[in-house]
Amino acid sequence: MTSVAKFYKSSERFTCISNPSVHLSPSQINDDYCDCPDGSDEPGTSACSYLSPLSPPSPADVANDDGNNATIALPGFYCKNKGHQPGYIPFTNVNDGICDYELCCDGSDEWEGVGGTKCEDRCKEIGAEYRKHDEQRQKALGAANKKRRELVTESARLRKEVEDRIQSLGTQIQGAELKVSSLETELADIERKEKGRVVKGPGKGSGFTVLAGLAKERIGELRDSLVRVRQERDSSRERVKELEVILATFKDEYNPNFNDEGVKRAVRSWEEYAARDKGSDGDVAHDRDLDEITKADADNGIQWEEWESTTEEESDTDVLYKIEEYLPAPLRKWVDHKLRDLRVLLIENGILAAPKNAADGSNASESKAVASARDRLNAAQTELDNARNDLTTHRDDLTADYGPSDVFRALKGQCISTDSGEYTYELCWLTGTTQKSKKGGAHTGMGNFIRLERVTVDEDLPPDGKGLGSGDRIALRHENGQHCWNGPNRSTLVVMACADKDEIWKIVEEEKCVYRMEVGTPAACGMEGGAGGNGGGEGKGRDEL
Ligand code: MAN
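This structure is a prediction, so every number in the text was calculated from the model and none was measured. (Residues numbered from 1 in each chain as written. Predicted model: local features only at pLDDT ≥ 70, side-chain atom pairs only at ≥ 80, totals over all residues. Heavy atoms only, no water.)

Q: When you look at the overall build of the chain in this model, what are you seeing that I'm missing?
A: A count of helices and strands for the chain gives 10 helices and 12 strands. Relative to its 545 residues, the chain shows a buried fraction of 32%. Accessible surface, the chain: about 33,000 Å² in total, of which carbon and sulfur atoms supply 52%. (Helix = DSSP H or I, 4+ residues; strand = E, 2+ residues; numbered from the N terminus. Buried < 20%, exposed > 50% of the residue type's maximum accessible area, 1.4 Å probe, protein only. Areas by Shrake-Rupley, 256 points an atom, 1.4 Å probe, with all protein chains shown as cover.)

What follows is the structure, given as structure tokens:
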């Protein structure tokens, strides 16, 4: 009886606590007769219990009371409970024949022995049991607070990672911006050059190019024919030589004494043939020429690649006006460059018409060079856009509310689940909640994480401590889950209390498709009673753990 004990100290007279005008002798205290209007003369009997309020008044109420109404000044009957903790028991429970050991373990509430009731003092054992449990609770609370500190450390590390990423993204963006602007210049340059080229005829290559292709093909065919004719000539020569040998032998070996007119005529013809000048078969120089001409890789003195060129810049007109072709290579390059610049200048000043495709910018006939420069620019632009989006996301993340000391940052994305009724429920921290039928099927979204909130709860704590208790608690609001047939979009409020591990304790569907989860987590330790959000202070620890 700490706050009211002082009122009973005097041995001369007692003054009713809330009614200072009423004085009593000390013998009137606890004489089982209610003298004081506030019942303060009977702290140890139930004589004033008819005054007892449902919940005991606070000492402040006692101090402010003007004494004009009939409310009791005492919180209840005081039990010393030696060996355990002292406490008050409602006056109505005093001498009611029941031992109220929960509040009055020393049994002093039944001092009158109503109906023979005798309540022995059990404070020793009850106190010991309480201290054992209290020790366990303190241990669990210590473990939970340690885990919370670890979470805070991890959150700080993750936050630093985000800050570092923001810094590197800044550098990356600067580089990407430079790249984009240099590729823009490159594209403009190529497009400008493109403007300077003369439009070509349809089909692949210019007329000259096509002609050159045909000529080269025809010469190839002629070369092949020449090779074949030479082979036939050589084989005919061999056959003639063989026949001449046969006839010469015939002439030498025939018998002139036989008067065979046919044979004699043949011999004469052979002699006439042999006497004729048949020219030279072995013109070696001519054959060497033929060898050269018929070589497979012979270009016959023509620089085919110059005529076969199908590059975009080449055209009939180019060829006609290519006076630089007649110049030595270095001078030719210089003149070519100057002419090209001049052509661009004339187009840009409206003196010469721009080639159609370059002027209207149509991609269909865009040159490979322009298309690939544009592709490079687009890729660099996409890279830059992605980096900028990344930067925005990371900056937003730094200002987002992850709770006091950023503690929930370390949990983000991790999930816990539990079975309840016909469903398995899942909470993914700062992401969303789902339910899934145990019989199978898909997850049903019960809401996406929206924000951290503060809620006030008033619940009895179950003996295992897995509950919210009463007071201010931190909560996670989830909205816009899967639409509920004939109802709203599913939503979940996750209310948290300090625990040494992450665990879903309870799920209730408060209304159709409106869920409430009670969850234990070290992240919620030390937040009871404090303000939520980043700037919030750390509240008083939850000792009911
Ligand atoms: C499912 C579950 C329940 C919900 C009904 C509403 O069965 O999501 O929680 O009440 O749908 O139709």
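That covers the picture; the talk isn't over yet.
Q: Please clarify how the pairing of strand β5 (residues 415–420) should be interpreted in this entry.
A: Looking along a regular strand, one sees the side chains alternate between the two faces of the sheet. Pairing of β5 with strand β6 (residues 423–428), which is carried by six bridges, proceeds in the antiparallel orientation. Paired with Thr418 across the two strands is Tyr425, which belongs to β6. (Pairing = 2+ DSSP bridges.)

Q: Could you clarify how one ought to interpret the pattern of salt bridges in this entry?
A: Side chains that differ in charge, positive against negative, can pair when their charged atoms come close. This structure, assessed with the given rule, holds 27 salt bridges. The salt bridge partner of Arg122 is Glu120, with a shortest N-O separation of 3.9 Å. Across the salt bridge formed by Arg409 and Asp406, the nearest N and O atoms sit 2.8 Å from each other. Residue Arg409 shares its accessibility class with Asp406, and that shared class is buried. (Salt bridge = Lys/Arg side-chain N within 4 Å of Asp/Glu carboxyl O.)

Q: Honestly, a nonpolar patch on the surface in this entry has me stumped. Any pointers?
A: On the surface, Leu339, Leu342 and Leu345 cluster together into a nonpolar patch covering about 250 Å² of accessible area. Leu345 gets classed as partly exposed once you look at its relative accessible area, which sits at 48%. (Patch = residues over 30% accessible without salt bridge, like charges linked within 9 Å, V, L, I, M, F, W, Y side chains within 5 Å.)

Q: Would you mind going over the UniProt feature "coiled-coil region" (unreviewed entry) in the chain with me for this structure?
A: Per the UniProt record, "coiled-coil region" (unreviewed entry) is annotated on residues 141–193, 226–253 and 370–397. Secondary structure across residues 226–253 divides into 100% helix and 0% strand, with the first and last C-alpha atoms of the span separated by 40 Å. The straight-line gap between the two end C-alpha atoms of residues 370–397 is 40 Å; of that span, 100% is helix and 0% is strand. (UniProt positions renumbered as here; feature names shortened; annotations may be inferred.)

Q: I would appreciate a short explanation of the site of the ligand in the present structure.
A: Every residue close to the ligand is listed here: Tyr423, Gln435, Cys484, Arg490, Glu509, Lys512, Cys513 and Tyr515. Tyr423 places a side-chain nitrogen or oxygen 2.8 Å from an oxygen atom of the ligand. In this structure, an oxygen atom belonging to the ligand sits 2.9 Å away from a side-chain N or O atom of Arg490. Here the ligand loses 68% of its free accessible area of 310 Å² to cover by the protein chains. Class assignment for the residues of the shell around the ligand results in four nonpolar, one polar and three charged. (Near = heavy atom within 4 Å. Polar contact = N/O pair within 3.5 Å; in protein donor to acceptor, adjacent residues only side chain to side chain. Nonpolar A, V, L, I, M, F, W, Y, C, P; charged D, E, K, R; others polar.)

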